[in-house]
Amino acid sequence: MTGLLRTFDGMLPMQLGIAGECRVFLLSCLVGAALGLLYQVICIARVVLPHFKWAVFLEDMLFGLLCGFCYFLVFSSFSLTMRGFIAFGMALSALLVHILIGRPALVLVRRADNRIKSAFLKPAAQFFVKIIAKIKQRFVQEYKKYNFFKKSGENRLKEEPK
């Protein structure tokens, strides 16, 4: 018995047997689910902290490289050949995580984000609007005598009838 998998007499090193392939498939499902959760965390971070397009591209590219590296680790440590069921297990579990956990989590985060923004940003904006209105009112009262706020034609029309 070598590690996680058992080889029998007469088996080539590439052959895992049914039990070994089931273990590798379950391991690939676990790795895919972990990668799916990591991607959901990245998506939630994008909702909370908006990114530039190039940053989203860079994140997705790095995530794709990480997925490829994990796939390489799983297949190279057990069979030294690329197996379709390893990629299928990783993709299937990542898809299930996205459907069952990712979408509902994103909906909840978007709702919470909108509520937080409406709870804190709207009152802050109203506060700053009031401050700016008071500053404008004082400025107008202080400098009213300098005729900054009159149209240039008003003075001429008033002075001509005299």
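Located above this text is the structure these notes cover.
Residues numbered from 1 in each chain as written. Predicted model: local features only at pLDDT ≥ 70, side-chain atom pairs only at ≥ 80, totals over all residues. Heavy atoms only, no water.

> Got a minute to help me understand the overall build of the protein in this structure?
On a plain count of helices and strands, the protein comes out with 4 helices and 0 strands. Mapped in sequence order, the helices and strands of the protein form the string α-α-α-α. The buried share of the protein, reckoned over its 162 residues, is 19%. Nonlocal contacts in the protein, meaning residues at least 24 apart in sequence, comprise 65% of its contacts between residues at least 6 apart. If you sum the accessible surface of the protein, you get close to 12700 Å²; carbon and sulfur atoms cover 70% of it. (Helix = DSSP H or I, 4+ residues; strand = E, 2+ residues; numbered from the N terminus. Buried < 20%, exposed > 50% of the residue type's maximum accessible area, 1.4 Å probe, protein only. Contact = heavy atoms within 4.5 Å. Areas by Shrake-Rupley, 256 points an atom, 1.4 Å probe, with all protein chains shown as cover.)

> Hey, could you run me through the packing of aromatic side chains in this one?
Aromatic rings considered in pairs are described by the distance between their centres and by the relative angle of their planes. Taken as a whole and assessed by the stated rule, the structure comprises 3 aromatic pairs. A ring pair is formed by Tyr-39 and Phe-63, whose centres lie 4.9 Å apart and whose planes are at 45 degrees; its orientation type is tilted. Of the two residues, Tyr-39 sits in helix 1 (residues 17–48) while Phe-63 sits in helix 2 (residues 53–78), which places them 24 residues apart along the sequence. Ring centres of Phe-127 and Phe-128 lie 5.6 Å apart, and the angle between their planes is 65 degrees; this geometry places the pair in the edge-to-face category. (Phe/Tyr/Trp six-rings, centres within 6.5 Å; stacked < 30°, edge-to-face > 60°.)

> Honestly, helix 1 in this entry has me stumped. Any pointers?
The end-to-end C-alpha distance of helix 1 is 46 Å, a good match for the 46 Å that 32 residues give at a rise of 1.5 Å each. Of the positions making up helix 1, those classed as buried are Gly-20, Val-24, Ser-28, Cys-29, Gly-32, Leu-35, Gly-36, Gln-40, Ile-42, Cys-43, Arg-46 and Val-47. (Expected span 1.5 Å × (residues − 1).)

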